[in-house]
Amino acid sequence: MTLALELMRRFSIRLRMIGAIAMVLGLFGLIGVGGAIGGWKLKTLNEELAVRSMQATAAMGEIRHRLAQARLLERQTVIDGENAKTVAKLREGWQAEVAATQDALSKLLQGHTGELEAQVRDTQARLAAYTGAAQPVLAKIHDGLYASSAVASRMLEPADKEVRQVEQQVQRIAELVNAELQRSQAAFAAAMQMVFVVFGATLLVVVLVVAPLTLLNSASITRPIAYASKVAESIAEGDLTMPIHAEGRDEATALLAALDHMQNSLRRVVGQVEDSSR
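This one's a predicted model, so the numbers in the text were calculated from it and none came from an experiment. (Residues numbered from 1 in each chain as written. Predicted model: local features only at pLDDT ≥ 70, side-chain atom pairs only at ≥ 80, totals over all residues. Heavy atoms only, no water.)

Trainee: Just to check I follow, could you spell out the overall build of the protein for this structure?
Mentor: Secondary structure summary: the protein contains 7 helices and 0 strands in total. Secondary structure elements of the protein occur, N-terminal to C-terminal, as α-α-α-α-α-α-α. Scaling as 2.2 N^0.38, a compact globule of 278 residues should have a C-alpha radius of gyration of about 19 Å, whereas the protein reaches 44 Å, well beyond that. Principal-axis analysis of the C-alpha atoms places the extent of the protein at approximately 155 × 25 × 20 Å. (Helix = DSSP H or I, 4+ residues; strand = E, 2+ residues; numbered from the N terminus. Rg over C-alpha atoms; globule rule 2.2 N^0.38 Å.)

As structure tokens, this is what we get:
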């Protein structure tokens, strides 16, 4: 600590105070920059998570809704098979719902890779197989080529098998989407924890640096002043023999040097008075 005090006293008190202020401002600026960067990162991750979550939820909802509508229209086509106009409208609606399901699956592919992408593409292939199996049967229902709805239903069994596979795969897609969202949430939580750790560590470094240096700077000012006060009291009491050590280049050193000069001057005056009185 003595060496540190000696090093500090090589600079003036004014310069040390300016340096201390600059250091404190710099360290708090570092905290501010770190907090801003961490906040920006958390904001970005949060926005990405929110967007991905909303997009995935919307896509899954649309896929399930469109697929259910397609199934409903398929069944309704079988039931209303004797009415050609109604069947034509139902077929058009069925085709639109199947196409919308494919579009919703394509939207889900955006920004996703790996197992989820493979699952979605497989589901699209299954949906295309369902479409290929159901399309000619629905066309024959429209043309009145089946004797009854029971026969039409029996002819749609291969298509039903395909669409059940599609529904199972849609459920698997939903599980993969949820797992991906959970990973994103975990990444966000980890990033938030990291930001807090970095912020806390930076704050701790600031405290560990500022507090000792502040105390050291205070000691480099108060100790010489206390020493100068003691010297001044000694001189005031008539003791001109106390050694004065003026070390350093700061204002306190100048004060001690002045006291030393004053003590030497008084010592000479006293010596002259003693010589003249003999």
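Trainee: Quick question: what am I supposed to make of the side chain of R91 here?
Mentor: Tracing the sequence through the fold places R91 in helix α3 (residues 84–109). One buried charged residue, R91, forms no salt bridge at all, with the nearest opposite charge on D143 at 5.8 Å. Setting aside chain neighbours within four positions, we find R91 in contact with T77, Q135, L138, A139 and H142. (Buried < 20%, exposed > 50% of the residue type's maximum accessible area, 1.4 Å probe, protein only. Lys, Arg positive; Asp, Glu negative; His and termini not counted. Salt bridge = Lys/Arg side-chain N within 4 Å of Asp/Glu carboxyl O. Contact = heavy atoms within 4.5 Å.)

Trainee: How do you make sense of the nonpolar core when you look at a structure like this?
Mentor: M60, W94, L108, Y130, I141, I173 and V177 are the most contacted members of the largest nonpolar core, which totals 36 residues. Broken down by element, the residue count for this core peaks at 9 residues, all from helix α6 (residues 157–236). Excluding residues that lie within four positions of it along the chain, L108 makes contacts with A56, A59, M60, I63, V120, I173 and V177. (Core = buried A, V, L, I, M, F, W, Y, C linked by side-chain atoms within 4.5 Å.)

Trainee: I would appreciate a short explanation of a nonpolar patch on the surface in the present structure.
Mentor: Where nonpolar side chains cluster on the molecular surface, the patch consists of M194, V197 and V198 and spans about 270 Å² of accessible area. Summarising the element assignment, M194 is placed in helix α6. (Patch = residues over 30% accessible without salt bridge, like charges linked within 9 Å, V, L, I, M, F, W, Y side chains within 5 Å. Areas by Shrake-Rupley, 256 points an atom, 1.4 Å probe, with all protein chains shown as cover.)

Trainee: Mind showing me how you'd approach the side chain of T101 here?
Mentor: Note that T101 resides in helix α3. Here T101 is in contact with I63, R66, L67 and L127, once residues within four sequence places are set aside.

Trainee: Teacher, can you tell me more about helix α7 (residues 251–277) here?
Mentor: The periodicity of an α-helix, 3.6 residues per turn, causes residues three or four places apart in sequence to face the same way. Its 27 residues give α7 an end-to-end C-alpha distance of 39 Å, which sits within 8% of 39 Å, the value for a rise of 1.5 Å per residue. Every buried residue belonging to α7 is among A252, T253, L256, L259 and Q263, and all of these are buried. (Expected span 1.5 Å × (residues − 1).)

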